[in-house]
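Below are the chains, spelled out letter by letter.
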Amino acid sequence: MKRRDFLRNSTLASTAMFTPNFLRSSAMANASRLASRSGKILIVLQLSGGNDGLNTVIPFGDDLYYQNRPVLGIPRKEVLGLNDHQGLHPALLPLRKLYDRGEMTIINSVGYPNPDRSHFRSMDIWQTGSPATESWSTGWIGRHLDTAAAGKPAYHALEVDDGLSLAMKGATRTGFAMSRPDRLRQAVRNQRLHGLTADHTAGNPSLGYLYKTLTETTEAAGYLFEQSKVKKATADYPKGAFGRDLKQIAELITADTATNIYYASLGGFDTHVQQQNRQQRLLAQYAQSVAALVEDLKANNLFNDVLIMTFSEFGRRLKQNASGGTDHGTANNVFLMGGKLKTAGIFNNAPNLSTLDRGDIIHEIDFRRCYATLIDDWLEGDSVAVMGQKFASLGVV
């Protein structure tokens, strides 16, 4: 098989697609099945498109909220009040129980200096952990893998998707991407790659590297496929891709899979037009899926070992637009959920709606402090090595 034919027949978009049968061996599969998790688990959930944080954690005690959102403002009687000033969107009712049990921390006004309102650029900043003035080619989780995952398998960090986010890509190590076990099985049966063997790659460094990658990926793919069948989730997950993704995460965790970091995304939050119904539907899907995940983890006595972080690349502007939606903003809220939070509830004051930056919320908490907290206090890594400088821990885990 020629190199160009190989590349044409198999794209590098997803590691999970490189799993031809001829590379599999019973020795690999048996060795992989012996792998089990050690250490705590981090689940990162990304709300793509810029979720409207002001209609997620609602400052119902501030009249400026209703003055600027005469149509989009959630009526006070519908808000799930958390204190005298803030409450949750009614679609987040499944998460209210977590909050009441001290299993949820809400961090307000999270962002970064010199904010960028572009989806792509702001997501790059969040996924890499870079300053807004710099462009980095590696992600914050990927660099954590570079510094702390020596000797760990590729699936030490797993993204439930067909492709790998920038957040998961390091300089020397990356996470592993897998969408569904059934798709994984189809990839394993890929017949087009059977012509590539160790003999065919001899003397060709490029093909030799691809062969090595295929071998390692096949072992990981076989292991994850087997793990996905060990234990089935029992909670009621909503229909749709996000519910399926979180169900798969729950099943892999309860199967004692040797994965410590999971990453999943829910898209559709770019609500410039007719926001009300769309955001309600998406938030309901998110909340019901997370609540089901927590239920499964609790049923298996695993919730104390798990921390769930939810973020979006930016929030929305305070003032509603003329199309029944909101436009790109800056600072937003971040959720942390787990059974071992040191500081639960609302972490800091609600956004100051009377002092804005060109109509946008001014950030109070640098998002890199959130990452430093997760790396140092939860994953027991080295945030300075990952972030390039010291960021103070939030002290919440």
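To start, this report covers the structure provided alongside it. (Residues numbered from 1 in each chain as written. Predicted model: local features only at pLDDT ≥ 70, side-chain atom pairs only at ≥ 80, totals over all residues. Heavy atoms only, no water.)

Here the focus is the overall build of the protein chain. A count of helices and strands for the protein chain gives 13 helices and 14 strands. Looking at the protein chain as a whole, 55% of its 397 residues are labelled buried. Counting contacts in the protein chain only where the partners sit at least 6 residues apart, residues at least 24 apart contribute 73% of the total. (Helix = DSSP H or I, 4+ residues; strand = E, 2+ residues; numbered from the N terminus. Buried < 20%, exposed > 50% of the residue type's maximum accessible area, 1.4 Å probe, protein only. Contact = heavy atoms within 4.5 Å.)

A few words now on the packing of helix α4 (residues 93-100) against helix α11 (residues 275-299). Their axes nearest at 7 Å, the elements α4 and α11 cross at an angle of 45 degrees. With respect to each other, α4 and α11 are oriented oblique. On α11, the residues that touch P94, L95 and L98 of α4 are Y286, A287, Q288, V290, A291 and V294. When the residues that make up the contact of α4 with α11 are grouped by side-chain class, the tally is eight nonpolar, one polar and no charged. (Axes fitted to C-alpha atoms, helices over the stretch in contact; angles between N-to-C directions. Parallel < 35°, antiparallel > 145°, perpendicular 65-115°, else oblique. Nonpolar A, V, L, I, M, F, W, Y, C, P; charged D, E, K, R; others polar.)

On to the pairing of strand β8 (residues 261-266), then. For β8, the tally of buried residues reaches five of six residues, placing the bulk of the element in the interior. Summarising the sheet, strand β1 (residues 41-47) and β8 pair through six bridges and their orientation is parallel. Each residue of the ladder has a partner; that of L42, found in β8, is I261. Pairing of strand β6 (residues 157-159) with β8 involves three bridges; the strand directions are parallel. Across the sheet, residue E159 finds its bridge partner in β8, namely Y263. (Pairing = 2+ DSSP bridges.)

Okay, the packing of aromatic side chains next. Counted according to the given criterion, the structure contains nine aromatic pairs. Judged by centre distance (4.8 Å) and plane angle (80 degrees), the rings of Y65 and Y66 are edge-to-face. The pair Y65 / Y66 is uniform in exposure class, with both members buried. Ring centres of W126 and F311 lie 5.1 Å apart, and the angle between their planes is 15 degrees; on these two criteria the pair is classed as stacked. With W126 in helix α5 (residues 119-128) and F311 in strand β9 (residues 306-312), the pair connects residues that are 185 residues apart, well separated along the chain. As far as the burial class goes, W126 and F311 line up, both buried. Looking at K40, its charged tip hangs above the ring of W378, at a distance of 4.4 Å from the centre. (Phe/Tyr/Trp six-rings, centres within 6.5 Å; stacked < 30°, edge-to-face > 60°. Lys NZ or Arg CZ within 6 Å of the ring centre and 35° of its normal.)

This part is about the packing of helix α10 (residues 241-254) against α11. Here α10 crosses α11 at 15 degrees, and the two axes come no closer than 9 Å. It follows that α10 is roughly parallel to α11 by the angle criterion. Relative to α11, the crossing made by α10 is right-handed. Contact residues: A241, F242, G243, L246, I249, A250, I253 and T254 in α10; Q285, Y286, S289, V290, L293, D296 and L297 in α11. A class-by-class count of the residues in the contact of α10 with α11 yields ten nonpolar, four polar and one charged. (Left-handed = near helix turned anticlockwise from the far one by under 90°.)

This part is about the side chain of H156. Mapped onto the secondary structure, H156 falls in the loop between α6 (140-148) and β6. Not counting residues within four places of it along the chain, the set of residues in contact with H156 comprises L145, A149, A258, T259, N260 and I261.

Summed over all chains, the structure comprises eleven salt bridges. Taking the shortest distance from any N to any O, the salt bridge between D100 and R96 comes out at 3.1 Å. Within this pair, D100 and its partner R96 are both found in helix α4, separated by four residues, close to a single helical turn. Judged by relative accessible area, which is 23%, R96 ranks as partly exposed. A salt bridge links R368 to D366, with the nearest nitrogen and oxygen atoms 2.8 Å apart. Both residues of the pair, R368 and D366, belong to the buried class. (Salt bridge = Lys/Arg side-chain N within 4 Å of Asp/Glu carboxyl O.)

Once that is clear, we can look at the nonpolar core. A general tendency of soluble globular proteins is for nonpolar side chains to be buried together. Within the largest apolar cluster, 54 residues are counted, with the highest numbers of intra-cluster contacts made by I43, L45, Y286, V290, L293, I308 and M337. Ranked by the residues each element gives to this core, the list is headed by α11, at ten residues. The contacts of Y286, once residues within four sequence positions are left out, are L45, L47, L92, L95, F242, L266, T310, F335 and M337. (Core = buried A, V, L, I, M, F, W, Y, C linked by side-chain atoms within 4.5 Å.)

Let us look at the sheet that holds strand β3 (residues 80-81). Taken in spatial order, the three strands make up an open sheet running β2-β4-β3, and their pairing is antiparallel. Looking at strand neighbours, the two that pair on one side only are β2 (57-58) and β3, the edges of this open sheet. Pairing of β2 with strand β4 (residues 87-88), which is carried by two bridges, proceeds in the antiparallel orientation. In the strand pairing of β4, I58 is matched with G87.

Turning to unusual backbone geometry, a few remarks are in order. Its identity is not glycine, yet S109 carries a phi of approximately 55 degrees, on the positive side. With respect to the helices, strands and loops of the structure, S109 is situated in strand β5 (residues 104-111).

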